[in-house]
Amino acid sequence: MSEKGPIEESAERKIIEALEPSSLEIVNESHLHAHHAAMRGNTNPETHFRITIVSEHFAGKSMMQRHRLVYGLLNEELQNGIHALSLKTKTKEEMEKAQA
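Just so you know, these numbers come straight off a predicted model, no measurement behind them.

## Considering the overall build of the protein
So, point 1. Along its length, the protein carries four helices and three strands.
So, point 2. Along the protein, from the amino end to the carboxyl end, the secondary structure elements read α-β-β-α-α-β-α.

Printed below as a string of structure tokens:
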């Protein structure tokens, strides 16, 4: 397993502080996209992330509201390196139903 880079560490810290997740998984998928035309010449190893967050802070919010919340938290990272995020935002109850 590779070490976390500064962008991933910052994103993790912000999500934990703001959303107090019961579960958080951040997967750096940048290596899967290195060959894409948009990434040509880019040497940043932290451009694409898949993030799964389980938090009660999402209760009563639509998927769009949840994603806007996360994008707002990670605005600095999005301006300074992150090219794409794949988000899965659930409450604990929603995650349990999905796994049943």
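Once the structure has been displayed, the description carries forward.
## Considerations on helix H2 (residues 63–73)
So, point 1. Where H2 is concerned, the buried positions are Arg66, His67 and Val70. Down the axis of H2, the sector holding all buried residues measures 95°, keeping them to one side. For H2, the exposed residues set more than 90 degrees away from the buried face come down to Met64, Arg68 and Gly72.

## Brief notes about the pattern of salt bridges
So, point 1. Enumeration according to the criterion identifies six salt bridges in this entry.
So, point 2. Among the salt bridges present, the one from Glu12 reaches Lys4, with a minimum N-O distance of 2.8 Å.
So, point 3. On the accessibility criterion, Lys4 (38% relative accessible area) is partly exposed.
So, point 4. A salt bridge links Arg66 to Glu94; the shortest N-O distance between them is 2.7 Å.

## Quick look at the nonpolar core
So, point 1. Ranked by internal contacts, the top residues of the largest apolar core, which has 14 residues, are Phe49, Ile51, Ile53, Val70, Leu74 and Leu85.
So, point 2. Within the residue set of this core, elements represented by two or more residues are helix H1 (6–19), strand E2 (48–54) and strand E3 (84–90).
So, point 3. Ranked by the residues each element gives to this core, the list is headed by H1, at four residues.
So, point 4. Ignoring any residue separated from it by four or fewer positions in sequence, one finds Leu85 in contact with Phe49, Ile51, Tyr71, Leu74 and Leu78.

Conventions used here
Residues numbered from 1 in each chain as written. Predicted model: local features only at pLDDT ≥ 70, side-chain atom pairs only at ≥ 80, totals over all residues. Heavy atoms only, no water. Helix = DSSP H or I, 4+ residues; strand = E, 2+ residues; numbered from the N terminus. Buried < 20%, exposed > 50% of the residue type's maximum accessible area, 1.4 Å probe, protein only. Arc of directions from axis to C-beta. Salt bridge = Lys/Arg side-chain N within 4 Å of Asp/Glu carboxyl O. Core = buried A, V, L, I, M, F, W, Y, C linked by side-chain atoms within 4.5 Å. Contact = heavy atoms within 4.5 Å.

Structural measurements only, silent on function.
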